[in-house]
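Spelled out from the first residue to the last, the chains are:
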Amino acid sequence: MADAEIADTPRRELASNLTLDILQTVKTSQSQHGLRHGDHVRYRQYCTRRLARLYKALKFGHGRGRYQKKALEAATVTDERHLLIPLMAAERAWSYAMELKRDAGDEPPKRAHMIRRLKKATIHAAELVSLCSQVGSARTALEAEAYSSYMFGSFLTEQEQDWDRALAKFQRARKAFEQLARVGGPDQAELCRERLEELEPNLRYCTYKRGSGDGGGSAGVMDEEDLAALKGEGAADDERLKAVLAEESERTLDTFAVTVWRGHEIPIRNRAARACIANAVTQLAKLESPLLMSAERGLGIFDKAFMAYNDARQHLRDELAVVSSARGGESDSTSRLAEIKLADRALAVVLSERTIERNKFLVSSANAKLLGEIKLEKGEKATRPEDLVHLFNTLLHNYEELAESGPEVLRGVAGAEGLEEQIRMDCMLEQALLQAQRAAALAKVHLSAGSHVEAAVLFARAAEHAARVQNHVSGSPEFAAAAGRIQVEARKSRCLALADGTAALVARQKGLRTGFASVSLQEGPASGGQQVVHYLMDHLGQYTSAVLGKGANKVHISPIPPRMTTMGVRPILLDVAGEEISYPDLSGRARVKKATTLRNLFSFGKR
């Protein structure tokens, strides 16, 4: 009767694609509960408490009163937390083994106890691998495989009996960690890199022991995967990597089925476009601070991302042409066309924002080079303040385009009525900040040219732009902090420019006074310890041997400019007494010739 009831009970379907970040969970637990300071006792107690909480939360008890072990089977697993039970059990056994290893010393009973606890940890790790291979995702199964191989290799190393198998387990763990580093993000890659660094000493030790023949022959039988790992073959590992990559690609495409801009979701059904967007996001995730990444490398990453975004837009345009030429239902076709156009406009705006991010990256890199925080490479052109002015002008143009195209994306979208004005206001504030920074950069250009007055005026203009932003910003602390920082820096630079200008003016005036005071028409003896300079033009009759001498012996031909010499001038005569002299009448001495009319008539032709 009981067998009939069991046969009539429908079998529960196994869960699938359960995801658990095993390596990250282990690292977080160990770093937060004692292992940062090497306290294995505290970590073991934490694992015990967490196991008790998991049993209670999942209602996975072991009988009432007397303990009755309950096996965790794949059919029982319905939640990711079920996978934590064997993981925490393995961690508890491992931490107890490490505690015994520290206290064992030369006591064989404690060392044997430590080996038994490590073997218990490998049993729980193998249970985790079995469950993840049945109900977990491909990536979770790969992480479980890496964790179990590392645990089994540690057990065999402490057992000191089967170095071939220990080396094979560590090599399988290394292969799994390398594959996980390829499919994850930067955090996953860093975590796998740390695990690989921990593996290297174990690999070298096992290789040394295996070569020296210490520890006897193989105490266990290796399976096919261990033999393949020992020989350097990994066909199964390659297939597992392909499965993980396919799963990650599928999950990434599902993630980018919707593009979120300004808090509003914009659907993108085109699978090729979603793949291009995922590629662009992956490229942009590689960006680092300008202090850690060169400008050329950053520009290369941005270029790849822009190409991916442009490819996504091209896929949308191709789909738009296909839908426009299709002869389907008119209402469905119209809604689909509107959806594709909305996605295309959204990608155009996203591309504009990424262009702004690229230009800001270049501005940060140029500022760091001007301040000396980044050393110039050999043959690299030095950065000038004029380059910053050009970048700020480009950013101002980018924000003008964003202010025009941004509101068009959300026009007609439900719940986006007041966002158009907010987008324009944000662009206006960004432009005001950029104008302040551009004025400061122009001031530095004039300052390098020695125009201190113009630089002080431009620094004052930069402070005015920043103050205007502070007056208009109410609910954005980021804008207020940036504007305050620019304002303080501009006022400080203005004071320094005025001080430098005043010092330069005083020095110039002092030099003029000193120059005029030294002007004289007489040549006197040299004073102040200065040496007398002799010129060849003054001693043409003498021979000077130091033709190519330096300093005091250097030959001087003629003074430039020529020396001033005194010269005689004619006296100045002022005719002021001529009006007071009475001259005599000399009309009587003058000879007057009288001529007749007839004589004048005949002498007319002779004139």
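All values derive from a computational prediction rather than experimental measurement. (Residues numbered from 1 in each chain as written. Predicted model: local features only at pLDDT ≥ 70, side-chain atom pairs only at ≥ 80, totals over all residues. Heavy atoms only, no water.)

## Quick look at the overall build of the chain
Thought 1: Counting its secondary structure elements, the chain contains 18 helices and two strands.
Thought 2: The contacts in the chain between residues at least 6 apart in sequence include a share of 68% that link residues at least 24 apart.
Thought 3: Accessible surface for the chain amounts to roughly 38500 Å². Of this, 53% is attributable to carbon and sulfur atoms. (Helix = DSSP H or I, 4+ residues; strand = E, 2+ residues; numbered from the N terminus. Contact = heavy atoms within 4.5 Å. Areas by Shrake-Rupley, 256 points an atom, 1.4 Å probe, with all protein chains shown as cover.)

## Examining helix 7 (residues 163-183)
Thought 1: The first and last C-alpha atoms of helix 7 sit 31 Å apart over 21 residues, in line with the 30 Å expected at 1.5 Å per residue.
Thought 2: Of all 21 residues making up helix 7, 15 are buried, and the element is well covered by its neighbours. (Expected span 1.5 Å × (residues − 1). Buried < 20%, exposed > 50% of the residue type's maximum accessible area, 1.4 Å probe, protein only.)

## A short note on a nonpolar patch on the surface
Thought 1: Together, Met537, Leu540 and Ile557 give the surface a local cluster of nonpolar side chains, amounting to about 350 Å² of exposed area.
Thought 2: Structurally, Leu540 is set in the loop between helix 17 (477-517) and helix 18 (597-602). (Patch = residues over 30% accessible without salt bridge, like charges linked within 9 Å, V, L, I, M, F, W, Y side chains within 5 Å. Salt bridge = Lys/Arg side-chain N within 4 Å of Asp/Glu carboxyl O.)

## Focus on the layout of surface pockets
Thought 1: Estimates place the volume of the largest pocket at around 930 Å³.
Thought 2: Together, 27 residues line the largest pocket, and Asn367, Phe392, Gln437, Arg485 and Ile486 are the ones closest to its centre.
Thought 3: Residue assignment for the lining of the largest pocket shows that the elements contributing at least two residues are helix 13 (330-371), helix 14 (385-410), helix 15 (419-448) and helix 17.
Thought 4: Residue classes in the lining of the largest pocket are distributed as 16 nonpolar, four polar and seven charged. (1 Å grid on protein atoms, 1.4 Å probe; cavity = no way out; pocket = protein on both sides within 12 Å on 5 of 7 lines; lining within 4 Å. Points joined across faces, edges and corners; volume = space filled by probe spheres on them. Nonpolar A, V, L, I, M, F, W, Y, C, P; charged D, E, K, R; others polar.)

## Here we look at the environment of His62
Thought 1: Looking at where His62 falls in the secondary structure, it is placed in the loop between helix 3 (40-57) and helix 4 (80-104).
Thought 2: Among residues more than four places away in sequence, those in contact with His62 are Tyr55, Tyr67, Gln68, Lys69 and Lys70.

## Examining the confidence of the model for the chain
Thought 1: On average, residues of the chain carry a pLDDT of 78, and 77% of them reach 70 or more.
Thought 2: Highest mean pLDDT in the chain belongs to helix 3 (91); lowest belongs to helix 1 (residues 2-8) (41). (pLDDT = per-residue confidence, 0-100.)

## With respect to the nonpolar core
Thought 1: Core analysis: the largest hydrophobic core is formed by 62 residues, its most contacted members being Ile22, Leu83, Leu87 and Tyr147.
Thought 2: Only helix 2 (22-32), helix 3, helix 4, helix 5 (108-135), helix 6 (138-159), helix 7 and helix 8 (186-212) provide two or more residues apiece to this core.
Thought 3: Ranked by residues supplied to this core, first place goes to helix 4 with 12 residues.
Thought 4: Beyond its immediate sequence surroundings of up to four residues, Tyr147 is in contact with Ile22, Val26, Leu87, Ala90, Glu91, Ala125 and Leu128.
Thought 5: Of all hydrophobic cores here, the second largest spans 46 residues; its members include Ala312, Val350, Leu391 and Cys427. (Core = buried A, V, L, I, M, F, W, Y, C linked by side-chain atoms within 4.5 Å.)

## Re the pattern of salt bridges
Thought 1: Under the criterion given, the structure shown has 19 salt bridges.
Thought 2: Across the salt bridge formed by Lys27 and Glu194, the nearest N and O atoms sit 3.4 Å from each other. On the criterion of sequence distance, the pair formed by Lys27 in helix 2 and Glu194 in helix 8 is long-range, its members being 167 residues apart.
Thought 3: Lys27 gets classed as partly exposed once you look at its relative accessible area, which sits at 33%.
Thought 4: The partner of Arg193 in a salt bridge is Glu197, and the shortest N-O contact between them spans 2.3 Å. Residue Arg193 and its partner Glu197 are located together in helix 8, separated by four residues, close to a single helical turn.
Thought 5: A relative accessible area of 36% means that Arg193 is categorised as partly exposed.

## With respect to the environment of Glu80
Thought 1: In this structure, Glu80 sits in helix 4.
Thought 2: Taking the C-alpha atoms as reference points, Glu80 and Cys132, separated by 52 residues in sequence, lie 9.8 Å from one another.

## Topic: the packing of helix 15 against helix 16 (residues 452-472)
Thought 1: Direction vectors running N to C along helix 15 and helix 16 enclose 165°, while the axes themselves pass 8 Å from each other. With respect to helix 16, the element helix 15 is oriented roughly antiparallel. The element helix 15 and its partner helix 16 pack so that their crossing is left-handed. Of helix 16, the residues touching helix 15 (which contributes Leu429, Ala432, Leu433, Gln435, Ala436, Ala439, Ala440, Leu442, Ala443, Lys444, His446 and Leu447) are His452, Glu454, Ala455, Leu458, Phe459, Ala462, His465, Ala466, Arg468, Val469 and His472. (Axes fitted to C-alpha atoms, helices over the stretch in contact; angles between N-to-C directions. Parallel < 35°, antiparallel > 145°, perpendicular 65-115°, else oblique. Left-handed = near helix turned anticlockwise from the far one by under 90°.)

## A few points about the side chain of Ser365
Thought 1: With respect to the helices, strands and loops of the structure, Ser365 is situated in helix 13.
Thought 2: Look at Ser365 and you get buried, because its relative accessible area is 3%.

## A word on the environment of Asn279
Thought 1: Looking at where Asn279 falls in the secondary structure, it is placed in helix 11 (residues 271-284).
Thought 2: Given a relative accessible area of 38%, Asn279 falls into the partly exposed group.
Thought 3: Through-space distance from the C-alpha of Asn279 to that of Ala305 is 7.3 Å; in sequence the pair is 26 residues apart.

## Topic: unusual backbone geometry
Thought 1: The amide bond that connects Ile560 to the next residue, Pro561, takes the cis arrangement and shows omega of -5°.
Thought 2: Residue placement: Pro561 occurs in the loop between helix 17 and helix 18.
Thought 3: Of note, Lys59 is a non-glycine position whose phi angle comes to about 55°, a positive value.
Thought 4: If you trace the backbone, Lys59 turns up in the loop between helix 3 and helix 4.

## Here's the deal with the packing of helix 2 against helix 3
Thought 1: Where helix 2 contacts helix 3, the axes come no closer than 9 Å and their chain directions differ by 125°. When the interaxial angle is binned, helix 2 and helix 3 end up oblique. Judged by the sense of rotation from one axis to the other, the crossing of helix 2 with helix 3 is right-handed. Here Thr25, Val26, Ser29, Gln30 and Gln32 of helix 2 come into contact with helix 3, specifically with Arg42, Tyr43, Tyr46 and Arg50.
Thought 2: Residues of the contact of helix 2 with helix 3, tallied by class, amount to three nonpolar, four polar and two charged.

## Some words on helix 6
Thought 1: An ideal rise of 1.5 Å per residue puts 32 Å on 22 residues; helix 6 measures up with 31 Å between its terminal C-alpha atoms.
Thought 2: The buried fraction of helix 6 is high, at 19 of 22 residues.
Thought 3: At the exit of helix 6 stands Glu160, carrying a positive phi of roughly 60°.

## Structural notes on the packing of aromatic side chains
Thought 1: In the structure shown here, the tally under the stated rule is seven aromatic pairs.
Thought 2: Both rings, one in Phe302 and one in Phe306, keep their centres 6.0 Å apart while their planes meet at 40°; by these two values the pair is tilted. Placement of both Phe302 and Phe306 in helix 12 (residues 295-325) is noted, with a separation of four residues, approximately one turn of the helix. Summarising the burial analysis for this pair, Phe302 and Phe306 share the class buried.
Thought 3: Members of the aromatic cluster, connected to one another through ring pairs, are Phe302, Phe306 and Phe361.
Thought 4: The ring of Tyr150 is capped by Arg195, whose NZ or CZ atom sits 5.7 Å from the centre of that ring. (Phe/Tyr/Trp six-rings, centres within 6.5 Å; stacked < 30°, edge-to-face > 60°. Lys NZ or Arg CZ within 6 Å of the ring centre and 35° of its normal.)

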